[in-house]
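Remarks on the overall topology
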Amino acid sequence: MSDLVLDHLVYAGPDLEEAVERVAELTGVTPVRGGRHVGFGTANYLADLGAGAYLEVVGPDPDQPEHIGPRPFGIDELTAPALITWAARVDGIDEAIAEARQRGYDPGEASEMSRTTDDGELLTWRLTGAGGLDGLAPFLIDWGSTPHPTTRGLPSIPLLMVTGVHPEPAAVEAAVRALGMDMLVRRDEKPGLVAVLTNSAGKQVALS
């Protein structure tokens, strides 16, 4: 399997502006607009986490008010912003899916996704479903020939580490290992992710 690395963290909320404000209040850094997921009813804002990874803040797109059907990441069920899942980047997503299945974890099929930037550029990529085991097992993403979002001069919120909590930590760790990665997971009744970031004052803060 080609090496998988952290691609991005997904911080989602029922109100996009509120989610962006939460990140700005916590870190002192305001994510910048990424673009709209046309047909999916969502839009996002982005910040650079370092080491080729980024934070995606995603929520309902007010410019797509007539969206029908569920939005990605279970956004319609959220009552407050939360760090809900993460993505692992891979070159050759079909091979990575096949290898993970051989190792006992099925990340799901890959599908096409796209978003349009505010200057009209269409970005395309392929990804699996929104993360298994309550979002703690990452979904896979393959950017193909599309330039990575971190090449766009995003504001910086350095990431120190990501850990998880879950009622079945061993199951999560096994799934993550099947993808060729590692993550520390503690036992807790309520599943979730915790990202330790460095704020604009150089202090450690936790986003969950």
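Residues numbered from 1 in each chain as written. Predicted model: local features only at pLDDT ≥ 70, side-chain atom pairs only at ≥ 80, totals over all residues. Heavy atoms only, no water.

As recorded in an unreviewed UniProt entry, the chain goes by the name Glyoxalase-like domain-containing protein, listed as coming from Amycolatopsis japonica.

**With respect to the sheet that holds strand E10 (residues 185–187)**
With mixed pairing, four strands are arranged side by side in an open sheet as E10-E9-E11-E12. Of all the strands in the sheet, just E10 and strand E12 (204–207) have a single pairing partner and so form its edges. Strand-to-strand, the axes of this sheet are offset by a mean angle of 25°, without reference to chain direction. In this sheet, E12 lies alongside strand E11 (residues 192–198) in antiparallel orientation, the contact comprising four bridges. Along E12, the bridge assignment pairs Ala 195 with Leu 207. (Pairing = 2+ DSSP bridges. Helix = DSSP H or I, 4+ residues; strand = E, 2+ residues; numbered from the N terminus. Axes fitted to C-alpha atoms, helices over the stretch in contact; angles between N-to-C directions.)

**Quick look at the packing of aromatic side chains**
By the definition in use, this model includes two aromatic pairs. Ring centres of Phe 73 and Phe 139 lie 5.9 Å apart, and the angle between their planes is 45°; on these two criteria the pair is classed as tilted. Remark: Phe 139 occurs in strand E8 (residues 139–142) and Phe 73 occurs in the loop between strand E4 (53–60) and strand E5 (82–89); sequence separation between them is 66 residues. Judged by its relative accessible area of 1%, Phe 139 is buried. With a centroid separation of 5.0 Å and an interplanar angle of 45°, the aromatic rings of Trp 125 and Trp 143 are classed as tilted. (Phe/Tyr/Trp six-rings, centres within 6.5 Å; stacked < 30°, edge-to-face > 60°. Buried < 20%, exposed > 50% of the residue type's maximum accessible area, 1.4 Å probe, protein only.)

**Concerning the pairing of E4**
Most of E4 is tucked away: eight of the eight residues are buried. Across five bridges, strand E1 (residues 5–12) lies against E4 in parallel orientation. In the sheet register, His 8 faces E4, and the bridge partner there is Tyr 54. The antiparallel pairing of strand E3 (residues 42–50) with E4 creates a hairpin that spans two residues between the two strands, and Ala 51 there sits at a positive phi of about 55°.

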